[in-house]
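Residue-level structure breakdown
So you can see what is in the structure, the chains are spelled out below.
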Amino acid sequence: MSTKRVQLKGITWNHSRGFTSVVATAQRFSELHPNVDITWEKRSLQAFADEPINELAKRYDLLIIDHPWAGFAGKNNVILPLDEYLPESFMDDLAENTVGRSHESYSSSGHQWALAVDAATPVASSRPDILADKGIDLPETYDDLLALAKKGLVIMPGIPQDTLMNFYMMCCTIGEDVCVSQDHVVSEAIGIKALQLLRALAVEMDPKIYDWNPIQVYEAMTLTDKYAYCPWAYGYTNYSRQGYARKLLHFHDMVDIKGFGKAITTLGGTGLAVSAEVKEIETVMKYVEYVGSEACQKTVFFDGGGQPGHRKAWIDAYTNNLTSNFFKNTLPGLDRAFLRPRYNGHIYFQDRAGAPIRDYLMHGGDEKVLLDQMNVLYKKSLDI
């Protein structure tokens, strides 16, 4: 690597899991390479999901991205194909040690556009102290879940983005992946059943959930003693670590949905990408390789608050001992998670289809009309 002074700038999202984790890696990398300064900035979780990466790539060398952008990246070449710059043995290791389909989620058009340095899917969480005090067992089935919700003890994220992801989850679980057909998001029978199952649960919950993302759900579960269980929200290992929040959360696999098996949730996580306009390619790639490595993922990245994407970090005794077995307990859910569509126009659909589902969960309505509305958005997205 060059000895000249190198300054790199990255953009991530505003939570300890997304920010302090990469700041820790940047600090350690700079200690190992004193000529390199890496500065990370942060944006809101909603901006993370919404802001086009082509705009970010003009201002930042390093980007933490959401995997549905992979299709856009493959078509528009705004970030670099990492497989052309990183060692083949390293890329093979990441593919072999993927958590679920996380590694695959950042591939498109025959290239790898980001490294899955962070893995996540909606998982269940609980306040074990509240359940123990009330003599209540963890729910095992959807009916158990509904009974617990009727006691006012259950919440889940209700903003449009998470509502759409939960719709995907329910469709996949009861028998059909979404956005497979060119004609509709999902068949009418499956779509109606999925919506009705979500609505039956939603009506038992605090209306505040419709303004809450997963982080706000976990804050509500730990800052108050009102809520004992969340059936599905993108997992945040931070809340399973002693001292992070007022109360400790435990994380679990999901309930069985009406005999169809445990919920198949919608894969999330974040990827580390490199702008196509970066000047210091050799240095950037050394840093990317460092962050994605098994050693960093299990230690510096994790210790900084990160939620690793390397499988060996998920089965590691050290990471599990510090997180009440968050990783071991939720790994089965990650391994069966549904990989969202990543065609170029899916971001258009994803940004618009959640709001009408959220409105239905709040107020009810005609499921067929809602599905027709979603199909119009979907067909338009296929032409983008």
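Note that the coordinates shown come from a computational prediction; the quantities given were computed from them, not determined experimentally.

Rules used in this analysis
Residues numbered from 1 in each chain as written. Predicted model: local features only at pLDDT ≥ 70, side-chain atom pairs only at ≥ 80, totals over all residues. Heavy atoms only, no water. Helix = DSSP H or I, 4+ residues; strand = E, 2+ residues; numbered from the N terminus. Buried < 20%, exposed > 50% of the residue type's maximum accessible area, 1.4 Å probe, protein only. Contact = heavy atoms within 4.5 Å. Axes fitted to C-alpha atoms, helices over the stretch in contact; angles between N-to-C directions. Parallel < 35°, antiparallel > 145°, perpendicular 65-115°, else oblique. Left-handed = near helix turned anticlockwise from the far one by under 90°. Phe/Tyr/Trp six-rings, centres within 6.5 Å; stacked < 30°, edge-to-face > 60°. Lys NZ or Arg CZ within 6 Å of the ring centre and 35° of its normal.

1. Quick look at the side chain of Arg 17
Examined against the element boundaries, Arg 17 turns out to sit in the loop between strand 1 (6-13) and helix 1 (20-32). You can call Arg 17 buried: its relative accessible area is 3%. Setting aside chain neighbours within four positions, we find Arg 17 in contact with Asp 118, Ala 120, Gly 235, Tyr 236, Asn 238, Gly 269, Gly 305, Gly 306 and Gln 307.

2. Thoughts on helix 4 (residues 69-76)
In terms of burial, helix 4 is a largely internal element, six of the eight residues being buried. Taken as a whole, helix 4 has its buried residues at Trp 69, Ala 70, Gly 71, Phe 72, Ala 73 and Gly 74. The positive-phi residue at the C-terminal boundary of helix 4 is Asn 77, with phi of around 55 degrees.

3. Brief notes about unusual backbone geometry
Its identity as a non-glycine residue notwithstanding, Cys 179 has a phi of 60 degrees, on the positive side. Relative to the assigned elements, Cys 179 resides in the loop between helix 9 (160-174) and helix 10 (188-202). The phi torsion at Ser 324 lies on the positive side, around 55 degrees, for a residue other than glycine. Within the secondary structure layout, Ser 324 lies in the loop between helix 16 (317-321) and helix 17 (326-335).

4. Overview of the packing of helix 10 against helix 19 (residues 367-382)
The N-to-C vectors of helix 10 and helix 19 enclose an angle of 115 degrees; their axes lie 10 Å apart at closest approach. Taken together, the axes of helix 10 and helix 19 lie roughly perpendicular to each other. Along this stretch, helix 10 crosses helix 19, giving a crossing that reads as right-handed. Residue-level inspection shows Glu 188, Gly 191, Ile 192, Leu 195 and Gln 196 of helix 10 in contact with helix 19, the latter providing Glu 367, Lys 368, Leu 370 and Leu 371.

5. Description of the packing of aromatic side chains
Tallied over the full model, the rule gives 19 aromatic pairs. Note on Trp 13 and Tyr 236: the rings are 6.0 Å apart at their centroids and 85 degrees apart in plane angle, and the pair reads as edge-to-face. With a gap of 223 residues between them, Trp 13 in strand 1 and Tyr 236 in the loop between strand 8 (229-234) and strand 9 (250-252) connect regions that are remote in the sequence. Residue Trp 13 shares its accessibility class with Tyr 236, and that shared class is buried. Through successive ring pairs, a cluster of aromatic residues spans Trp 13, Tyr 218, Tyr 236, Tyr 239, Tyr 244, Phe 251, Phe 302, Trp 314, Tyr 318, Phe 326 and Phe 327. The positively charged end of Lys 9 is found above the aromatic ring belonging to Tyr 60, 5.2 Å away from the centroid. Positioned over the ring face of Tyr 236 is Arg 17, at 4.5 Å from the centre of the ring.

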